[in-house]
Amino acid sequence: MISKDSSYRENLNQYDVIKINMQEFLSLSGTIEEMLEMLRDYLFLDSNFMI
């Protein structure tokens, strides 16, 4: 378990994390190209909110 690692507390909340549910993107798109386009748009929108 990651929380038992000796460096867990030291690194906790030190890095930005993006959680991506790939099943959601796959189920909302018809092709891999559409899925990648949706993912790109999602990540772009998300990064603009963080600025």
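See the structure printed just above.
In this text, all values refer to a predicted model and were calculated from it rather than measured experimentally.

1. Points about the side chain of serine 29
Alright, step 1. Within the secondary structure layout, serine 29 lies in the loop between helix H2 (22-28) and helix H3 (32-50).
Alright, step 2. Using a relative accessible area of 13% as the deciding quantity, one classes serine 29 as buried.
Alright, step 3. Within polar-contact distance, the side chain of serine 29 engages the backbone oxygen of phenylalanine 25 at 2.8 Å.
Alright, step 4. Here serine 29 is in contact with Glu34, Met35 and Met38, once residues within four sequence places are set aside.

2. Concerning the pattern of salt bridges
When the charged atoms of two side chains lie near each other, side chains of opposite charge can form a pair.
Alright, step 1. The tally for this structure, following the rule as stated, stands at one salt bridge.
Alright, step 2. A salt bridge links aspartate 41 to arginine 40, with the nearest nitrogen and oxygen atoms 3.2 Å apart.

3. Here's the deal with the packing of aromatic side chains
Alright, step 1. According to the stated counting rule, one finds one aromatic pair in the structure shown.
Alright, step 2. Ring plane angle 70 degrees and centroid distance 5.5 Å describe the contact between phenylalanine 25 and tyrosine 42, whose orientation is recorded as edge-to-face. Residue phenylalanine 25 is located in helix H2, and its partner tyrosine 42 is located in helix H3; the two are separated by 17 residues in the primary sequence.
Alright, step 3. Tyrosine 42 sits in the partly exposed class, given a relative accessible area of 37%.

Basis of the calculations
Residues numbered from 1 in each chain as written. Predicted model: local features only at pLDDT ≥ 70, side-chain atom pairs only at ≥ 80, totals over all residues. Heavy atoms only, no water. Helix = DSSP H or I, 4+ residues; strand = E, 2+ residues; numbered from the N terminus. Buried < 20%, exposed > 50% of the residue type's maximum accessible area, 1.4 Å probe, protein only. Polar contact = N/O pair within 3.5 Å; in protein donor to acceptor, adjacent residues only side chain to side chain. Contact = heavy atoms within 4.5 Å. Salt bridge = Lys/Arg side-chain N within 4 Å of Asp/Glu carboxyl O. Phe/Tyr/Trp six-rings, centres within 6.5 Å; stacked < 30°, edge-to-face > 60°.

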